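Residue-level listing of the chains:
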Amino acid sequence: MLGVQGLAYLFFAVTLVWYAVTEWRGHTSRHENRGTSRERGTNTRLVVGLFAALLVLGATAAMVGPAGTQEYGVVSAEFDSDKPTVIPQGESNDVTYPVDNGGLLPVVSYLEPASEGVDVQPRESAVGPRSVSNATVTLQAPPETGYYRQFVVEHRYLALLPTPVIRGLYTIHPWLPIIAIDAMIGVPFYLLGVRLVGTGRIRNRDRTSRRPLTTRLRRLVDSLY
């Protein structure tokens, strides 16, 4: 899961990309309209929207990244074995599925069998920050010997909504809780940001724009610390 350091790196990378794109657009605009204006500016709503999108991207990555499909290669054998995935034909064995939350926010995880011969309990787990909750996956060996692929799929959500709300949305479609949580993060941030900084423009005077790009990038990095 993306931790604080990972989100900080993501934030820094997007900030540099945005800054470089803004500089390139400003440079192009100055060549096309040289002498027509002494000031250039970026709409504050665009800047706030960029940071809101960055927050939503980080939240989505924190939910989608650790989730996904877990594959188990089950061998239906004619003999006993110490390996948990080598199971006598027709019998079953339990393996542990750790739901690991390395982030600073609690999460809600849903586990579902994604193939025949698999069961998992509990299906729903609430995991606190920096915690682990173990689920039990039961693998059933088919009657015929051979190698079989069995799957369990996990969906994970930041616990920013009440668990019954997340559960209700999840039962409709697994992506609905993500959309609702992203909206709860991004929309208030954007509205509050626009209210705080206004709807004007961030002015960039030509005297500043003549500085070398390396100097401006260095000053941007220094301002982040």
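No experiment lies behind these values; they were computed from the predicted model shown.

A.B. asks: So what's going on with the overall build of the protein chain? Which residues, and what values?
C.D. replies: A count of helices and strands for the protein chain gives six helices and 10 strands. Here the protein chain holds 225 residues, and 30% of them are scored as buried. Considering only contacts in the protein chain between residues 6 or more positions apart, those separated by 24 or more positions represent 72%. Of the roughly 13,500 Å² of accessible surface on the protein chain, a fraction of 58% belongs to carbon and sulfur atoms.

A.B. asks: Could you give an account of the sheet that holds strand β8 (residues 131–140), naming the residues involved and the relevant values?
C.D. replies: On the basis of which strands lie adjacent, the open sheet formed by three strands has the order β4-β8-β6 and antiparallel pairing. Each edge of the sheet is formed by a strand with only one pairing partner; in this case those strands are β4 (92–101) and β6 (118–121). Averaged over all neighbouring strand pairs, the angle between strand axes comes to 25 degrees, with direction disregarded. In terms of strand pairing, β4 meets β8 through 10 bridges, oriented antiparallel. Bridge assignment links Ser92 to a residue of β8, and that residue is Gln140.

A.B. asks: Any chance you could break down the confidence of the model for the protein chain for me, citing the residues and the numbers?
C.D. replies: With 69% of its residues at a pLDDT of at least 70, the protein chain reaches an overall mean of 80. No element of the protein chain has a lower mean pLDDT than helix α5 (residues 206–209), which averages 48, and none a higher one than strand β5 (residues 107–113), which averages 97. Note on residues 1–5: pLDDT under 50 across the span, and 10 contacts to partners over four residues away in sequence or across chains. A low-confidence stretch, residues 34–39 (pLDDT under 50), is modelled with seven contacts involving residues beyond four sequence positions or located in other chains.

A.B. asks: Explain a nonpolar patch on the surface residue by residue, including any values.
C.D. replies: A grouping of Val64, Trp175 and Ile179 is seen on the molecular surface, where their side chains present a nonpolar patch of about 290 Å² in accessible area. The residue Val64 is located in helix α2 (residues 44–64) in this model. By relative accessible area, which is 37% here, Val64 ends up partly exposed.

A.B. asks: Residues and numbers for the pattern of salt bridges, please.
C.D. replies: Throughout the structure, instances matching the rule amount to five salt bridges. Residue Asp119 pairs with Arg123 through a salt bridge whose shortest N-O separation is 3.1 Å. Residue Arg156 is joined to Glu154 by a salt bridge in which the shortest nitrogen-to-oxygen separation is 2.8 Å. Take Arg156: its relative accessible area is 4%, and that puts it in the buried class. Glu154 gets classed as buried once you look at its relative accessible area, which sits at 2%. Each member of the salt-bridge network shares a partner with another, and the members are Glu112, Asp119 and Arg123.

A.B. asks: Tell me what's going on with the pairing of strand β2 (residues 68–77), and back it up with residues and numbers.
C.D. replies: Where β2 and strand β9 (residues 146–158) come together, nine bridges link them in antiparallel fashion. Counted as the bridge partner of Gln70 is Val152 from β9. Of the pairings in the sheet, the one linking β2 to strand β3 (residues 86–88) comprises three bridges and is parallel in character. Considered in β3, the bridge of Ser76 is made with Ile87.

A.B. asks: Can you tell me about the packing of aromatic side chains, naming the residues and giving the values?
C.D. replies: By the definition in use, this model includes three aromatic pairs. An angle of 15 degrees between the planes, with centres 4.3 Å apart, marks the rings of Tyr110 and Tyr170 as stacked. Of this pair, Tyr110 sits in strand β5 while Tyr170 sits in helix α3 (residues 163–172), and the two are 60 residues apart along the sequence. The exposure class assigned to Tyr110 is buried, which follows from its relative accessible area of 4%. For Tyr170, a relative accessible area of 11% corresponds to the buried category. One aromatic cluster in this structure is built from Tyr110, Tyr157 and Tyr170.

Basis of the calculations
Residues numbered from 1 in each chain as written. Predicted model: local features only at pLDDT ≥ 70, side-chain atom pairs only at ≥ 80, totals over all residues. Heavy atoms only, no water. Helix = DSSP H or I, 4+ residues; strand = E, 2+ residues; numbered from the N terminus. Buried < 20%, exposed > 50% of the residue type's maximum accessible area, 1.4 Å probe, protein only. Contact = heavy atoms within 4.5 Å. Areas by Shrake-Rupley, 256 points an atom, 1.4 Å probe, with all protein chains shown as cover. Pairing = 2+ DSSP bridges. Axes fitted to C-alpha atoms, helices over the stretch in contact; angles between N-to-C directions. pLDDT = per-residue confidence, 0-100. Patch = residues over 30% accessible without salt bridge, like charges linked within 9 Å, V, L, I, M, F, W, Y side chains within 5 Å. Salt bridge = Lys/Arg side-chain N within 4 Å of Asp/Glu carboxyl O. Phe/Tyr/Trp six-rings, centres within 6.5 Å; stacked < 30°, edge-to-face > 60°.

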